[in-house]
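# Topology and contacts: notes
Each chain, letter by letter, is given below.
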Amino acid sequence: MQKKIDEEALAEAYNRALALEKSGDVEAAVAAYGEVLALDPEDHGGAAVRIASMGHGETPDKAPDAYVTTLFDQHADVFEDVLVEQLGYSVPMMVRQRLQSLGLGPFKSLLDLGCGTGLTGGALRDMAETVTGVDLSENMVEIADEKDVYDALYVAEAVDYLEDNEDGPFDLVTATDVLPYLGGLEALFFAAAETIEPGGLFIFSSETLPDAVFAGRRFMVGPHQRFAHARDYVLERLDATGFDLVDLTEIVVRLEDGAPIAGHLVVARLRTAA
């Protein structure tokens, strides 16, 4: 049986850790986040990610599901206003523009991983006969459902859905703003390859940092608690899982404290059997 979380002690430890991090006392902040993890092993507050963003501890392979679910459930009602209006997020329209400029589409079936409130599904709705959405946040899925964009919607983690679904194959899979919550890409790319029909497309956005910051690492947690991926790592993983690169565009993913966050928009095609 799961131990009941001491919510009062957890809140105290988390708020203390945040204050220490903000004050610049990294060692004390890391210790306080360690207390948070001891109280809440499922890590609803993303303590492990915050520790990694300060350059301590082991870099987790992904953001904890409990953290991602909590984060987006809490912000679902204001998500679009904050992301689009305040952070300048326009990746869904970039996806549409790249598809059109490359002369790709229309599609039979689109799978929108990390669909959120339906920004990407809405941007591509008229380019696909059917659109399926998947997101960890039930609150996000409820908002997406109200838009009447999707033919089917699921509350699930992306890789779990890809490994268990019986809806495919899809000839277009999108993952906008999914990779910033994943470190290692093997599981996602392998599962996508199993779900996309041969010749089908996989389109995703990622955040990145200068090579000097990566210092040879394939991925790392950046200063804003999201994962950044080295370009070469992304391309290597695509090739290893059976994809050919169609297009890679350097983009500004969003703004953070008014500064642009650099990233990539990647279009890849699943190889057909020789």
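Scroll up to find the structure this text is about.
Summarised in this report is the structure supplied together with it. (Residues numbered from 1 in each chain as written. Predicted model: local features only at pLDDT ≥ 70, side-chain atom pairs only at ≥ 80, totals over all residues. Heavy atoms only, no water.)

### Section: the sheet that holds strand β3 (residues 152–155)
- Judged by pairing direction, the sheet is mixed, and its seven strands sit side by side in the order β3-β2-β1-β4-β5-β9-β8 without closing on themselves. Each having just a single partner strand, β3 and β8 (243–256) make up the two edges of the open sheet. Recorded for the sheet is a direction-independent mean angle of 15 degrees between the axes of neighbouring strands.
- Of the strand pairs in this sheet, strand β2 (residues 128–135) and β3 are connected by four bridges, and their pairing is parallel. (Pairing = 2+ DSSP bridges. Helix = DSSP H or I, 4+ residues; strand = E, 2+ residues; numbered from the N terminus. Axes fitted to C-alpha atoms, helices over the stretch in contact; angles between N-to-C directions.)

### With respect to the nonpolar core
- Residues L99, L113, L188, F202, F204, L238 and F243 are the most contacted members of the largest nonpolar core, which totals 73 residues.
- Those residues in contact with F202 that lie beyond four places of it in its chain are V173, A175, L188, F189, A192, I196, L238, F243, V266, V267 and A268.
- With 13 residues, the next largest nonpolar core counts L10, A29, V36 and I51 among its residues. (Core = buried A, V, L, I, M, F, W, Y, C linked by side-chain atoms within 4.5 Å. Buried < 20%, exposed > 50% of the residue type's maximum accessible area, 1.4 Å probe, protein only. Contact = heavy atoms within 4.5 Å.)

### Observations regarding the environment of G242
- One can find G242 in the loop between α12 (231–240) and β8.
- Residues within four places of G242 in sequence aside, it is in contact with R269, L270 and R271.

### Points about the pairing of strand β1 (residues 107–113)
- The buried fraction of β1 amounts to six of the seven residues, a majority that puts the element mostly inside the structure.
- The pairing of β1 with β2 spans six bridges and is classified as parallel. Note that in β2 the partner of L113 across the bridge is V134.
- Handedness of the crossover joining β1 and β2 through helix α7 (residues 119–124): right-handed.
- In this sheet, strand β4 (residues 170–175) lies alongside β1 in parallel orientation, the contact comprising four bridges. Residue L113 lies in a different strand from β4, and its bridge partner there is A175. (Right-handed = clockwise from strand over helix to strand, strands pointing away.)

### Considerations on the packing of aromatic side chains
- Under the counting rule described, the total for this entry stands at 10 aromatic pairs.
- Ring geometry for F72 versus F79: centroids 5.9 Å apart, planes at 70 degrees, classification edge-to-face. The exposure classification of F72 matches that of F79, with both residues buried.
- Residues F189 and F204 carry aromatic rings whose centres are separated by 5.3 Å and whose planes lie at 45 degrees to one another, so their mutual orientation is tilted. (Phe/Tyr/Trp six-rings, centres within 6.5 Å; stacked < 30°, edge-to-face > 60°.)

### Observations concerning the pairing of strand β9 (residues 259–270)
- Examined bridge by bridge, strand β5 (residues 196–207) and β9 share seven bridges and lie antiparallel to one another. Among the inter-strand pairings, F202 is bridged to a residue of β9, identified as A268.
- Relative to β9, β8 runs antiparallel, the two sharing 12 bridges. Counterpart to L255 in the pairing with β9 is P260.
- Here β8 hands over to β9 after two residues, with D257 in that stretch at a positive phi of 55 degrees.

### Concerning the side chain of H264
- Mapped onto the fold, H264 is located in strand β9.
- Contact partners of H264, with chain neighbours within four places excluded, come to F204, S205, S206, T208, R231, L248, T249, E250 and I251.

### Some remarks on α12
- For α12, the full list of buried residues reads Y233, V234, R237 and L238. The arc that holds the buried residues of α12, viewed along the axis, is 130 degrees, so those residues lie on one side.
- Each element contacted by the buried residues of α12 is listed here: α10 (186–195), β5, β6 (219–221), β7 (227–229), β8 and β9.
- In the stretch just after α12, G242 is the one whose phi turns positive, near 100 degrees. (Arc of directions from axis to C-beta.)

### Considering the packing of helix α1 (residues 7–23) against helix α2 (residues 26–39)
- Two elements in contact, α1 and α2, have axes separated by 8 Å at closest approach and are oriented at 160 degrees. Considered as vectors, α1 and α2 are oriented roughly antiparallel to each other. Considering only the axes of α1 and α2, their crossing is left-handed. Touching A9, L10, A13, Y14, R16, A17, L18, L20 and E21 of α1 are A28, A29, A32, Y33, E35, V36 and L39, all from α2. (Parallel < 35°, antiparallel > 145°, perpendicular 65-115°, else oblique. Left-handed = near helix turned anticlockwise from the far one by under 90°.)

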